[in-house]
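# Commentary on secondary and tertiary structure
Below, each chain spelled out in residue letters.
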Amino acid sequence: MSDGLDQLWAGWRHRYVTDASDAERDKPGGLADDCVFCRLAESGPPSPENGVLWRGETCFCVLNAYPYANGHLLVLPLHHVERLEDLTAAESAELWGTTKDAAAAIDTAYGADGLNIGANLGRAAGAGIPQHLHLHVLPRWSGDTNFMTSVAGVRVLPQSLPDSWAQLRPAWPAPDGRA
């Protein structure tokens, strides 16, 4: 009797997965001088050229260069850190406060039907750059699924990154809570 969930067993893949994980752990990753996020953290004040939307004392917010949707933001500590537990108390507080501000800016700028907010911690979780902690904040709309991703492996985004920056920057909450 099937419950609708079929499983495909490939026991031989265990060694492949284990070896790949061991190779990832043995990488000399975590080197800040080779980190695109660290280079962005040092790229100067917010501008359409660097995509940085906001910079604080310990964290910053930048447009995702490979967005899933218009206005897809990344919130990161300025400090090169891999795990949540490695954040200082000040970094943790500002990271979550900046995530809240990013959500408010997206709401104001785009009026989306919803938001996805999340983190991919570690390569196995889907992190493209696992050595520098970052949170994703992106708008979502009802019915925004796109057949191009399924059929052609392509995303169609109707807005350029500089145009997204120009739309989001004035919507960023002011320190006193006003946009």
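All of the points below concern the structure found in this document.

Analysis parameters
Residues numbered from 1 in each chain as written. Predicted model: local features only at pLDDT ≥ 70, side-chain atom pairs only at ≥ 80, totals over all residues. Heavy atoms only, no water. Helix = DSSP H or I, 4+ residues; strand = E, 2+ residues; numbered from the N terminus. Buried < 20%, exposed > 50% of the residue type's maximum accessible area, 1.4 Å probe, protein only. Contact = heavy atoms within 4.5 Å. Areas by Shrake-Rupley, 256 points an atom, 1.4 Å probe, with all protein chains shown as cover. Axes fitted to C-alpha atoms, helices over the stretch in contact; angles between N-to-C directions. Parallel < 35°, antiparallel > 145°, perpendicular 65-115°, else oblique. Nonpolar A, V, L, I, M, F, W, Y, C, P; charged D, E, K, R; others polar. Phe/Tyr/Trp six-rings, centres within 6.5 Å; stacked < 30°, edge-to-face > 60°. Arc of directions from axis to C-beta. Polar contact = N/O pair within 3.5 Å; in protein donor to acceptor, adjacent residues only side chain to side chain. Patch = residues over 30% accessible without salt bridge, like charges linked within 9 Å, V, L, I, M, F, W, Y side chains within 5 Å. Salt bridge = Lys/Arg side-chain N within 4 Å of Asp/Glu carboxyl O. Pairing = 2+ DSSP bridges.

Along the chain, the regular secondary structure elements total 5 helices and 5 strands. A total of 179 residues make up the chain; the buried ones form 35% of that total. At a minimum sequence separation of 6, the contacts of the chain that also span at least 24 residues come to 61%. Surface summary for the chain: the accessible area is close to 11,100 Å², and the carbon and sulfur share equals 55%.

With that settled, the discussion passes to the packing of helix 3 (residues 89–110) against helix 5 (residues 161–168). Between helix 3 and helix 5, whose axes approach to 9 Å, the crossing angle comes to 100 degrees. Taken together, the axis directions place helix 3 and helix 5 in an arrangement best described as roughly perpendicular. Two secondary-structure elements touch here, helix 3 through Ala-105, Ile-106, Ala-109 and Tyr-110 and helix 5 through Ser-164, Gln-167 and Leu-168. Within the contact of helix 3 with helix 5, the residues separate by chemical class into 5 nonpolar, 2 polar and no charged.

Turning our attention to the packing of aromatic side chains. Here the structure, examined in full by the defined rule, presents 2 aromatic pairs. Measuring from centroid to centroid gives 5.8 Å for Trp-54 and Trp-172, while their planes differ by 20 degrees, and the two rings are stacked. Linking Trp-54 in strand 1 (residues 52–55) with Trp-172 in the segment after helix 5, this pair joins segments that are 118 residues apart in sequence. Taken individually, Trp-54 and Trp-172 each receive the classification buried, so the pair is uniform in this respect. Consider the rings of Tyr-110 and Trp-141, whose centres lie 6.2 Å apart with planes at 80 degrees: the pair is edge-to-face. One end of the pair, Tyr-110, is in helix 3; the other, Trp-141, is in the loop between strand 5 (135–140) and helix 4 (147–152), with 31 residues separating them in the sequence. By relative accessible area, Tyr-110 is classed as buried at 15%.

Ser-164, Trp-165 and Leu-168 are the residues of helix 5 that are buried. In an axial view of helix 5, the angular spread of the buried residues amounts to 100 degrees, which keeps them on one side of the axis. For helix 5, the N-terminal capping position is held by Ser-160, with its side-chain oxygen 3.2 Å away from the main-chain nitrogen of Asp-163.

Looking now at the environment of His-80. Secondary-structure assignment places His-80 in the loop between strand 3 (73–77) and helix 3. Sequence separation between His-80 and Gln-131 is 51 residues; the distance between their C-alpha atoms is 7.6 Å. There is a polar contact of 3.4 Å between the side chain of His-80 and the backbone oxygen of Gln-131. At a separation of 3.4 Å, a polar atom in the side chain of His-80 contacts the side chain of His-132.

So, on to a nonpolar patch on the surface. Judged by side-chain polarity, Leu-84, Trp-96 and Leu-121 come together as a nonpolar surface patch covering roughly 290 Å² of accessible area. Mapped onto the secondary structure, Leu-84 falls in the loop between strand 3 and helix 3. A residue is classified by how much of its surface remains accessible, and Leu-84, at 34% relative accessible area, is partly exposed.

One open sheet accounts for 5 strands, arranged 1-2-3-5-4; its pairing is antiparallel. Only two strands of the sheet have a single partner each, and these edge strands are strand 1 and strand 4 (114–119). With direction set aside, neighbouring strand axes in the sheet form an average angle of 20 degrees. As paired elements, strand 1 and strand 2 (residues 59–63) share 3 bridges and run antiparallel to each other.

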